[in-house]
Number of protein chains: 2
Amino acid sequence: MALKYSRQREAIKEFMMTRKDHPTADVVYMNVRKEFPNISLGTVYRNLTLLSDMGELLRLRVGDGVDHFDATTAPHYHFICKNCGAVTDLEIPIIHSIDTIAGDNFNGRINGHVTYFYGTCEHCLKKSSN
Amino acid sequence: MALKYSRQREAIKEFMMTRKDHPTADVVYMNVRKEFPNISLGTVYRNLTLLSDMGELLRLRVGDGVDHFDATTAPHYHFICKNCGAVTDLEIPIIHSIDTIAGDNFNGRINGHVTYFYGTCEHCLKKSSN
DNA sequence: TTCAAAATTAGTAATGATTACTGATATCAT
DNA sequence: ATGATATCAGTAATCATTACTAATTTTGAA
């Protein structure tokens, strides 16, 4: 028996399921603390890492220096707002053909790619048009 | 006069020009120290950041927790070896069409994308086939 | 149910990359 | 040459994340 049940891990998992906005460890910590007032940040990190390693979560490194986590584990693309930093899912299918294109004149083996789209989100577009 | 000449910055720039392997701040530090034995790591970081902000360098966040820098500022794609962590340039043109694809059914504005291709580099492929 | 082995935890310390601060030095227009 | 100011070296601080440790939970079997 390698993995034991833990209420804290379950609470973290359940919280992640409710969020589509790719929260950071700190946001998870703040929220799970409502149910477990003295859970420690280390426990949050350990479980987020564990769940990511098991494939139940995705760890996103979007370039803002903080890791984001995503309970939607099926491969998909992300958009990052350069204005507010919000991370949102994109509803387009994975474009496998670019792996083939990238492999042209390249002597290694390409297994896949990670793409982040950057721009301005709907919310920030509205704000700036005032 | 906002920007003054500095030998240290010039040395950092020149070192970056000689390297195609996207060194980290620490690697730059180690090398520039040959010419400036008591340059400080802070100076290296400050200048790498300054040059990146001016557009003379690219700051790459490839997902390994350390920033890499690239003197080739024209947009291009990168490949990261999952085995050894090496970062190499890919010789394919930017595929602008995926920005359009990504914009389908999306209400924000997409300005561009950053893609990292992952796999095994030529060198590591050869080693593992022993 | 009780018990002990092993996983997990809370709390805290340590790490590693990067940034900020400070008094001394280098650059440059006048 | 000189004064204003950008830059520096050295060091301290910050921030995200990981590691450590003694106490608590979980769990399968007695």
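Treat the numbers as computed from the prediction; the structure is a model and nothing was measured. (Residues numbered from 1 in each chain as written. Chains lettered and ligands numbered in written order. Predicted model: local features only at pLDDT ≥ 70, side-chain atom pairs only at ≥ 80, totals over all residues. Heavy atoms only, no water.)

(A) Structural view of the interface of chain B and chain A. Between chain B and chain A, the residue contacts involve 31 residues of the former and 32 residues of the latter. In total, chain B and chain A occlude about 2700 Å² of area from one another, counting both sides; carbon and sulfur atoms represent 65% of this. When the buried surface of chain B facing chain A is broken down by residue, B:Phe106, B:Arg109 and B:Phe117 rank first, second and third, together holding 17% of it. Counting the contacts that link chain B with chain A gives zero salt bridges. Where chain B packs against chain A, one counts 11 residue pairs in polar contact (both at pLDDT 80 or more). Contributing elements (two or more residues each) for the side of chain B that touches chain A: helix H4 (97-103), strand E5 (109-120) and helix H5 (122-128) of chain B. In terms of residue count, E5(B) provides more of the side of chain B that touches chain A than any other element does, 12 residues in total. Of the residues belonging to the side of chain B that touches chain A, the class tally is 15 nonpolar, 11 polar and five charged. (Contact = heavy atoms within 4.5 Å. Buried area = accessible area lost by both parts, 1.4 Å probe. Salt bridge = Lys/Arg side-chain N within 4 Å of Asp/Glu carboxyl O. Polar contact = N/O pair within 3.5 Å; in protein donor to acceptor, adjacent residues only side chain to side chain. Helix = DSSP H or I, 4+ residues; strand = E, 2+ residues; numbered from the N terminus. Nonpolar A, V, L, I, M, F, W, Y, C, P; charged D, E, K, R; others polar.)

(B) Structural context of the relation of the copies chain B and chain A. Under the fitted operation, chain B is carried onto chain A by 0.0 Å of movement along the axis and a turn of 180 degrees, and the coordinates agree to an RMSD of 0.1 Å. Overall, the copies show the geometry of a two-fold rotation axis. Across chain B, the smallest distance between a C-alpha and the rotation axis is recorded for B:Thr115, namely 2.1 Å. When the interface residues of chain B are mapped onto chain A, 100% of them again fall at the interface, so both copies present the same face. (Least-squares fit on C-alpha atoms with pLDDT ≥ 70 in both.)

(C) Layout of the pattern of salt bridges. Counted according to the given criterion, the structure contains 12 salt bridges over all chains. Measuring nitrogen to oxygen at the nearest pair gives 4.0 Å for the salt bridge that ties B:Glu10 to B:Lys13. Within this pair, B:Glu10 and its partner B:Lys13 are both found in helix H1 (residues 7-18), separated by three residues, close to a single helical turn. Residue classification places B:Glu10 among the partly exposed positions, given a relative accessible area of 26%. Residue B:Asp21 pairs with B:Arg19 through a salt bridge whose shortest N-O separation is 3.0 Å. When salt bridges that share partners are traced, they join A:Glu10, A:Lys13 and A:Glu56 into one network. (Buried < 20%, exposed > 50% of the residue type's maximum accessible area, 1.4 Å probe, protein only.)

(D) Representation of the protein's contact with DNA strand C. Close contacts around DNA strand C come from 23 residues, with A:Lys4, A:Ser6, A:Thr43, A:Arg46 and B:Tyr45 the closest. Between A:Ser40 and DNA strand C, the recorded distance is 3.3 Å, taken from a backbone N or O atom to a phosphate oxygen. The side chain of B:Arg7 places a nitrogen or oxygen atom 2.9 Å from a phosphate oxygen of DNA strand C. At the level of elements, helix H1 (7-18) and helix H3 (41-53) of chain A together with helix H3 (41-54) of chain B are the ones that each hand at least two residues to the surface near DNA strand C. Residue composition of the surface near DNA strand C, by class: nine nonpolar, eight polar and six charged. (Near = heavy atom within 4 Å.)

(E) Layout of the environment of B:Asp99. If you trace the backbone, B:Asp99 turns up in helix H4. By relative accessible area, B:Asp99 is classed as buried at 14%. With 14 residues separating them in the primary sequence, B:Asp99 and B:His113 have C-alpha atoms 7.0 Å apart. Setting aside chain neighbours within four positions, we find B:Asp99 in contact with A:Phe117, B:Ile110, B:Asn111, B:Gly112 and B:His113.

(F) Expanded view of the protein's contact with DNA strand D. As a structural note, the neighbourhood of DNA strand D is formed by 23 residues, with A:Tyr45, B:Lys4, B:Ser6, B:Thr43 and B:Arg46 the closest of them. Considering the 4 Å shell around the protein, atoms of DNA strand D inside it are sugar or phosphate in 80% of instances. Measuring from a sugar or linking oxygen of DNA strand D, one finds a side-chain N or O atom of B:Gln8 at 2.9 Å. Elements that contribute at least two residues to the surface near DNA strand D include exactly H3 of chain A together with H1 and H3 of chain B. In terms of residue class, the surface near DNA strand D is built from nine nonpolar, eight polar and six charged.

(G) Layout of the side chain of A:His76. All names here are of chain A. Mapped onto the elements, His76 comes out in the loop between strand E2 (68-70) and strand E3 (78-81). A distance of 2.9 Å separates a polar atom in the side chain of His76 from a polar atom in the side chain of Asp70. Not counting chain neighbours up to four residues away, the residues in contact with His76 comprise Leu58, Asp70, Asp89, Leu90 and Ile94.

(H) Just the sheet that holds E5(B), in detail. In space, the six strands of this open sheet follow the order E4(A)-E3(A)-E5(A)-E5(B)-E3(B)-E4(B), with mixed pairing throughout. The two strands at the open ends of the sheet, each matched to only one other strand, are strand E4 (87-89) of chain A together with strand E4 (87-89) of chain B. Each strand axis lies, on average, 30 degrees off the axis of its neighbour in the sheet, ignoring direction. In the sheet, strand E3 (residues 78-81) of chain B pairs with E4(B) via three bridges, with the strands oriented antiparallel. Paired with B:His78 across the strands is B:Asp89, a residue of E4(B). (Pairing = 2+ DSSP bridges. Axes fitted to C-alpha atoms, helices over the stretch in contact; angles between N-to-C directions.)

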